[in-house]
Amino acid sequence: MTAVHDVLVIGAGVVGLSVARELAQRGARVHVVDGSPDGGSGSRAAAGVAIPSLRLLADPVMHAFVAAARTRFDEDVRTFEKTTPGIRRGKGVLRPVRTEEEREQLVLTTAARPEELGEWTDAAALADLEPVFARSSFLGAFRTTAGHMVDTALYVDALGSAARAAGATVSLGEQVLGIEEAPGEVRVTTSRGSLRADRVVVAAGAWSGSLPGLPPLPVHPMRGQMIEVRDAEVRIDHVISGRTYLCPWRAGSLCTGATEEMAGFADHVTTAGTVFLLSRLVRDFPLLADARPVRAWAGLRSASGDGRLVLGRYPATNRVYVCSAHAGQGILTGHHSGWALAHLLDTGEPAAPEAFSPDRFDPVRAG
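My aim in this report is to walk through the structure given alongside it, one point at a time. Predicted model, so just to flag it, every value in this text is computed and none were measured. (Residues numbered from 1 in each chain as written. Predicted model: local features only at pLDDT ≥ 70, side-chain atom pairs only at ≥ 80, totals over all residues. Heavy atoms only, no water.)

1. Considering the sheet that holds strand β3 (residues 49-50)
Moving on, step 1. Spatially, 3 strands are ordered β3-β8-β4 in an open sheet, and the strand pairing comes out antiparallel. At either margin of the open sheet sits one strand with a lone partner, and together these are β3 and β4 (88-89).
Moving on, step 2. Pairing of β3 with strand β8 (residues 148-150) involves 2 bridges; the strand directions are antiparallel. Residue pairing for β8: V49 is matched across the bridge by M149. (Pairing = 2+ DSSP bridges. Helix = DSSP H or I, 4+ residues; strand = E, 2+ residues; numbered from the N terminus.)

2. Description of the pattern of salt bridges
Moving on, step 1. The tally for this structure, following the rule as stated, stands at 22 salt bridges.
Moving on, step 2. Close ionic contact of R26 with E22 constitutes a salt bridge, the shortest N to O distance being 2.9 Å.
Moving on, step 3. Looking at R26, the relative accessible area reads 30%, which means it is partly exposed.
Moving on, step 4. With relative accessibility at 15%, the residue E22 sits in the buried group.
Moving on, step 5. The partner of R98 in a salt bridge is D284, with the nearest N and O atoms 2.2 Å apart. With R98 in the loop between β5 (93-97) and α4 (100-109) and D284 in helix α7 (residues 271-284), the pair connects residues that are 186 residues apart, well separated along the chain.
Moving on, step 6. The exposure class assigned to R98 is partly exposed, which follows from its relative accessible area of 23%.
Moving on, step 7. Using a relative accessible area of 7% as the deciding quantity, one classes D284 as buried. (Salt bridge = Lys/Arg side-chain N within 4 Å of Asp/Glu carboxyl O. Buried < 20%, exposed > 50% of the residue type's maximum accessible area, 1.4 Å probe, protein only.)

3. Thoughts on the side chain of R280
Moving on, step 1. Tracing the chain through its elements places R280 in helix α7.
Moving on, step 2. Buried and unpaired, R280 has no salt bridge, with D284 as the nearest side chain of opposite charge at 4.5 Å.
Moving on, step 3. The residues touching R280, leaving out its near neighbours within four places in the chain, are R243 and T244. (Lys, Arg positive; Asp, Glu negative; His and termini not counted. Contact = heavy atoms within 4.5 Å.)

Given below as structure tokens:
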């Protein structure tokens, strides 16, 4: 079976579906393929902590992009909330510290953007705000209302419905076996046949740099492990963010995560990862020492060596584009980066920083 499309999108996660929706709304004939039965395995595995990492303050280019992405993401979630109850969880962010030195370091880190940190809450007020801090050794925490959780399964499903409503077609469980550029088109061989498109968008997350038929791209997987725990007596309303996080989960459970591991494409939970997360959980929140682990899982983020997105024309190709390397900010920035790539394809005008260009990995174009 052979089909002709304006744009073929590889990947039905947050990025791919955002590209598809935007292009379909602009009148393009868009088809999305994804090898997993549900689509968007990387996006669905994410916990959905939608807050900018303070580490981004060291990179003004990334920070500005994420700030713009937050606005677009919040608008998206507000729209979906009207028809998808439960898609958003949490009432802000708490960043606890143990010592005065840690507190001063956070203040110094955010000196140019103090609003990112929020207001100081001492230990007594913190325990009143979130009882899970009872018996903890934290000095206090910085609190901001700018941040929440999104249910990633509901969000991906909502984006898929929106893309289809705009006119895109989505084929799940269809694996890409080969990609070949030909005069005037791109031919993609899948597990179900052959597809032809004027242009192709690679939005395959951690797999974006290793699709058959395309030259390798330095986008690598970064494994993150997470654990759901349940305690009938403990609930939280905020995302508690630090080296690891604790956040409200489905049906009153809690979720702690996430590791950052260069483990290739191994997406399984490990003993070391489980011990690391649970030991930190008990150390930070003694009240949860008797909590029952419910589920542990792992997901693969996409990352680049310089920590920046890879967004633009795929190196050494003419009709293939890529949007990947979102690292731990994929849920928050997926919609905005998808919009930026769709705008580039539609108008020819870039809408993302030049620093994100894949050409930085192509010696010919970079030079």
